[in-house]
Amino acid sequence: MARPRQFDEDRAVEAAMRAFWAAGYEATSTQDLCAATGLGRSSVYNTFDSKHDLFGRALRRYMEQKNAGLAELMESDLPVREKMRTLLWYAVEPDPGDPAGCLVVNTLVELGPRDPEIAEVLRRDTEARLRLLRAAFERGRARGEIGADRDPVALAQFVIATVSGMRVARRGGADGEALEAIASTALTAL
């Protein structure tokens, strides 16, 4: 008879997510994952099959968390420009307890070009975020908050690219002043 698991699998995925977010896939060793999750090597591999499997679960968890917050913001009654300002300021002033950057953006750069399975997860995530932002811009256009000639898809793509670039800039050492200037400039384009 198999012994019951003595740990919280969700907590282990959360801890692994933060380890991968901080260091990336390749630089996060099995020992790092053991230290982060509090699990032994055999428990990690018996539960998650492989480092890649654990990474996939951690990445999907990150996406679910971030996209839930994004959906709440985009579906709120705020004017569309205020929604976008709030979103951009998440990149200017991220939660101080979070690692620098964005796990999705980091993964796009690190694994997107060479891991078809992860690339597909990333593609679906980008489509989900694009749908949320496009719908917010469409509602804003219908309410007269932005010009009728503005393309909601192009605006959504612009905001996604801007936020992604800001996340990379922060990870590269950009300070709050530089990020605020980027966000303020982006707002003038909306």
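Here, the structure is the one placed above.
Residues numbered from 1 in each chain as written. Predicted model: local features only at pLDDT ≥ 70, side-chain atom pairs only at ≥ 80, totals over all residues. Heavy atoms only, no water.

Generally, phi is negative for residues other than glycine and the peptide bonds are trans, each holding for most cases. The phi angle at Asp 49 is positive, at roughly 70°, despite the residue not being glycine. Under the relative-accessibility criterion, Asp 49 is labelled exposed at 60%. (Buried < 20%, exposed > 50% of the residue type's maximum accessible area, 1.4 Å probe, protein only.)

Counting 27 residues, the largest nonpolar core has Phe 20, Leu 54, Phe 55, Leu 59 and Leu 103 as the members making the most contacts within it. Residue assignment for this core shows that the elements contributing at least two residues are helix H1 (9–23), helix H2 (30–37), helix H3 (41–48), helix H4 (51–74), helix H6 (103–110) and helix H7 (116–142). Among the elements that make up this core, the one with the highest residue count is H1 (seven residues). By size, the runner-up hydrophobic cluster in this structure holds 26 residues, among which are Met 84, Leu 133, Leu 155 and Ala 183. (Core = buried A, V, L, I, M, F, W, Y, C linked by side-chain atoms within 4.5 Å. Helix = DSSP H or I, 4+ residues; strand = E, 2+ residues; numbered from the N terminus.)

A few words on the packing of aromatic side chains. The geometry of an aromatic ring pair is captured by two quantities: the separation of the ring centres and the angle between the planes. As enumerated under the stated definition, the model contains four aromatic pairs in all. Relative to Tyr 25, the ring of Phe 20 has its centre 6.0 Å away and its plane inclined at 20°; by these criteria the two rings are stacked. Exposure remark for Phe 20: the relative accessible area of 1% places this residue in the buried category. On the basis of relative accessibility, which here comes to 12%, the residue Tyr 25 falls in the buried class. Taken together, a centroid distance of 5.1 Å and an interplanar angle of 70° make the contact between Tyr 25 and Phe 55 edge-to-face. Of this pair, Tyr 25 sits in the loop between H1 and H2 while Phe 55 sits in helix H4, and the two are 30 residues apart along the sequence. (Phe/Tyr/Trp six-rings, centres within 6.5 Å; stacked < 30°, edge-to-face > 60°.)

As a further point, take the environment of Asp 10. Assignment of secondary structure puts Asp 10 in helix H1. Under the relative-accessibility criterion, Asp 10 is labelled partly exposed at 48%. Residues Asp 10 and Ala 135 lie 125 residues apart in sequence; the distance between their C-alpha atoms is 32 Å.

Once that is clear, we can look at the packing of H7 against helix H8 (residues 152–171). Interaxial distance between H7 and H8 falls to 8 Å at its minimum, and their mutual angle equals 125°. As judged from the angle between their axes, H7 and H8 are oblique. Note that H7 runs across H8; the crossing there is right-handed. Contacts from Thr 126, Arg 129, Leu 130, Leu 133, Arg 134, Phe 137, Glu 138 and Arg 141 of H7 reach H8 at Pro 152, Val 153, Leu 155, Ala 156, Gln 157, Val 159 and Ile 160. Of the residues belonging to the contact of H7 with H8, the class tally is nine nonpolar, two polar and four charged. (Axes fitted to C-alpha atoms, helices over the stretch in contact; angles between N-to-C directions. Parallel < 35°, antiparallel > 145°, perpendicular 65-115°, else oblique. Left-handed = near helix turned anticlockwise from the far one by under 90°. Contact = heavy atoms within 4.5 Å. Nonpolar A, V, L, I, M, F, W, Y, C, P; charged D, E, K, R; others polar.)

None of the figures reported here should be taken as evidence of function without further support.
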